[in-house]
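Listed below, chain by chain, are the residues.
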Amino acid sequence: MIKLIATDLDGTLLTSNGEISERNRQAILAAQKQGIEVIVATGRSFESAIRPFEKAKLVCPMICVNGAEAYQADQKQILAITMSKKIIEEIIAVTSEQGAYLELYTNKGIYAQKQSEFFELLKTLIKTNHPNLSEAEIKKRVNQRFQDESFIFVDDFESLISDPSIEIVKALAFSFDQQRLENIKTTFAEEPELIVTSSGRDNIEFNHPDAQKGLALKAHAEAKKIDQTQVMAIGDNDNDLSMLSYAGKSVAMANAKESIKAIADQITSSNDEDGVALVIEEILQ
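Definitions and limits used
Residues numbered from 1 in each chain as written. Predicted model: local features only at pLDDT ≥ 70, side-chain atom pairs only at ≥ 80, totals over all residues. Heavy atoms only, no water. Helix = DSSP H or I, 4+ residues; strand = E, 2+ residues; numbered from the N terminus. Rg over C-alpha atoms; globule rule 2.2 N^0.38 Å. Areas by Shrake-Rupley, 256 points an atom, 1.4 Å probe, with all protein chains shown as cover. Polar contact = N/O pair within 3.5 Å; in protein donor to acceptor, adjacent residues only side chain to side chain. Contact = heavy atoms within 4.5 Å. Core = buried A, V, L, I, M, F, W, Y, C linked by side-chain atoms within 4.5 Å. Buried < 20%, exposed > 50% of the residue type's maximum accessible area, 1.4 Å probe, protein only. Pairing = 2+ DSSP bridges. Axes fitted to C-alpha atoms, helices over the stretch in contact; angles between N-to-C directions. Parallel < 35°, antiparallel > 145°, perpendicular 65-115°, else oblique. Left-handed = near helix turned anticlockwise from the far one by under 90°. Nonpolar A, V, L, I, M, F, W, Y, C, P; charged D, E, K, R; others polar. Arc of directions from axis to C-beta. Patch = residues over 30% accessible without salt bridge, like charges linked within 9 Å, V, L, I, M, F, W, Y side chains within 5 Å. Salt bridge = Lys/Arg side-chain N within 4 Å of Asp/Glu carboxyl O. Lys, Arg positive; Asp, Glu negative; His and termini not counted. Charge placed at Lys NZ, Arg CZ, Asp CG, Glu CD.

**Quick look at the overall build of the protein**
Link 1 in the chain: For the protein, the helix and strand inventory stands at 12 helices and 14 strands.
Link 2 in the chain: Relative to the 2.2 N^0.38 estimate, which gives 19 Å for 285 residues, the radius of gyration of the protein is 18 Å and therefore close to what a compact globule would have.
Link 3 in the chain: The principal-axis extent of the C-alpha atoms belonging to the protein is close to 55 × 45 × 35 Å.
Link 4 in the chain: Surface summary for the protein: the accessible area is close to 13100 Å², and the carbon and sulfur share equals 48%.

**Notes on the side chain of Asp 8**
Link 1 in the chain: Tracing the backbone through its elements, the reader meets Asp 8 in the loop between strand 1 (4–7) and helix 1 (9–13).
Link 2 in the chain: At 3.1 Å, the side chain of Asp 8 and the side chain of Lys 213 are in polar contact.
Link 3 in the chain: In this structure, Asp 8 is in contact with Leu 13, Ala 41, Thr 42, Lys 213, Ile 234, Gly 235, Asp 236, Asp 240 and Met 243, ignoring residues within four places of it in sequence.

**What about the nonpolar core?**
Link 1 in the chain: Ranked by internal contacts, the top residues of the largest apolar core, which has 65 residues, are Ile 5, Phe 53, Met 62, Leu 217, Val 231, Ile 234 and Ile 280.
Link 2 in the chain: Formed by 24 residues, the second largest nonpolar core is a distinct cluster that contains Met 83, Ile 87, Ile 88 and Leu 102.

**Thoughts on the sheet that holds strand 3 (residues 62–64)**
Link 1 in the chain: With respect to topology, 8 strands assemble into an open sheet ordered 5-4-3-2-1-12-13-14, the strand pairing being mixed. Looking at which strands have only one partner, the edges of the open sheet turn out to be strand 5 (77–80) and strand 14 (266–267).
Link 2 in the chain: Judged from the 2 bridges that link them, strand 2 (residues 37–41) and strand 3 form a sheet pairing that is parallel. Directly across from Ala 41, in strand 3, lies its bridge partner Ile 63.
Link 3 in the chain: Packed on one face of the sheet, helix 3 (residues 46–56) meets strand 2, strand 3 and strand 4 (69–71) and runs near 140 degrees to strand 3.

**Observations regarding the environment of Gln 32**
Link 1 in the chain: Looking at the element boundaries, Gln 32 is found in helix 2 (residues 22–33).
Link 2 in the chain: Under the relative-accessibility criterion, Gln 32 is labelled partly exposed at 28%.
Link 3 in the chain: It is 9.8 Å that separates the C-alpha atoms of Gln 32 and Val 59, two residues lying 27 residues apart in sequence.
Link 4 in the chain: Not counting the four nearest positions on each side in its chain, Gln 32 is found in contact with Val 38, Val 59 and Cys 60.

**Quick look at the packing of helix 4 (residues 85–97) against helix 8 (residues 178–188)**
Link 1 in the chain: It is at 10 Å that the axes of helix 4 and helix 8 come closest, and there the two elements cross at 150 degrees. Classified by the interaxial angle, the pair formed by helix 4 and helix 8 is roughly antiparallel. As helix 4 runs across helix 8, the sense of the crossing is right-handed. Touching Glu 90, Ile 91, Val 94, Thr 95 and Glu 97 of helix 4 are Arg 180, Ile 184, Thr 187 and Phe 188, all from helix 8.
Link 2 in the chain: Residues that form the contact of helix 4 with helix 8 fall into these classes: 4 nonpolar, 2 polar and 3 charged.

**Regarding helix 8**
Link 1 in the chain: Regarding helix 8, the residues found buried are Leu 181, Ile 184 and Phe 188. All buried residues of helix 8 project into a common sector of 60 degrees when viewed along the axis, lining one side. Summarising the geometry of helix 8, the exposed residues directed more than 90 degrees from the buried face are Gln 179 and Thr 186.
Link 2 in the chain: Looking at the buried side of helix 8, the elements it contacts are helix 4, strand 10 (195–197) and strand 11 (203–207).
Link 3 in the chain: Two or three places before Gln 179, at the start of helix 8, stands the capping residue Asp 177, its side-chain oxygen 2.9 Å from that residue's backbone nitrogen.

**A closer look at a negative patch on the surface**
Link 1 in the chain: On the surface, Glu 89, Asp 155, Asp 156 and Glu 158 cluster together into a negatively charged patch.
Link 2 in the chain: Relative to the elements of secondary structure, Asp 155 occurs in the loop between strand 8 (151–154) and helix 7 (158–162).
Link 3 in the chain: Overall, the relative accessible area of 76% leaves Asp 155 in the exposed class.

**What about the side chain of Ser 198?**
Link 1 in the chain: Relative to the elements of secondary structure, Ser 198 occurs in the loop between strand 10 and strand 11.
Link 2 in the chain: You can call Ser 198 buried: its relative accessible area is 4%.
Link 3 in the chain: There is a polar contact of 2.5 Å between the side chain of Ser 198 and the backbone oxygen of Gly 200.
Link 4 in the chain: In this structure, Ser 198 is in contact with Asn 203, Glu 205, Asn 237, Asp 238 and Asn 239, ignoring residues within four places of it in sequence.

Here's what the structure looks like:
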């Protein structure tokens with residue numbers, strides 16, 4: 001019997017519009033009513049992750065920034081795993097050399113460079129992933145990203161490195177050049193102080209090795225005295241691999257990467273077809 005459900009957000013629980021569908025909402029409420037805990041496990045910051053839940057009037061504990069942070073249902077932070085500034089300096093140097101765009105997730109918001117460049121990058125990302133969208137809709141989604149996250153634009157990242165009050169929990173690099181992304185991954189493949197994952201074909205995510213969705217989910221389950229076999233995890237991309245591997249029942253979305261589908265126990269429908277609701281409804285029968 002499943003007692004704990006962990007779900008990713010983007011590409012999983014959230015639709016392409018970044019919202020929780022009514023069917024997904026009702027499925028989560030039904031699971032909670034039956035005593036099954038639903039926990040979020042996302043690469044997003046807490047500030048960004050909480051917004052669609054507040055809009056849907058749902059309350060869940062959250063694993064954020066790929067497992068670097070964890071929050072109770074009452075929004076109290078109970079975990080923070082930071083990265084060394086030395087490693088961050090290396091990431092900045094390598095991504096810069098490869099011409100990748102970089103964001104740094106910190107305890108004071110997300111730092112990025114050149115707002116105009118970032119705006120154009122987001123437009124291209126959205127247009128590539130959703131070619132049928134109008135220019136007006138693309139612009140709307142770009143503006144929404146600025147509203148969802150607290151971006152701080154700087155000329156360079158040196159001030160972050162030298163400021164002891166700033167703690168970095170994740171680095172996120174973007175590039176449309178697959179070879180450049182592979183070059184970055186190869187550079188850090190054997191780095192013991194990093195876990196390198198991805199939430200899409202156009203990005204690379206860097207975290208401390210202890211900051212993984214699977215590790216945070218395991219800690220949460222053990223604290224609740226829930227056996228591994230009673231945990232179900234739902235995801236779509238590389239940064240979900242650790243929690244899908246941990247869970248007694250792993251579910252991949254229809255829109256998931258093929259490598260994620262290959263290791264999942266079950267494949268549900270896509271994030272725009274209420275795939276999370278379908279699998280929750282199945283276990284509630």
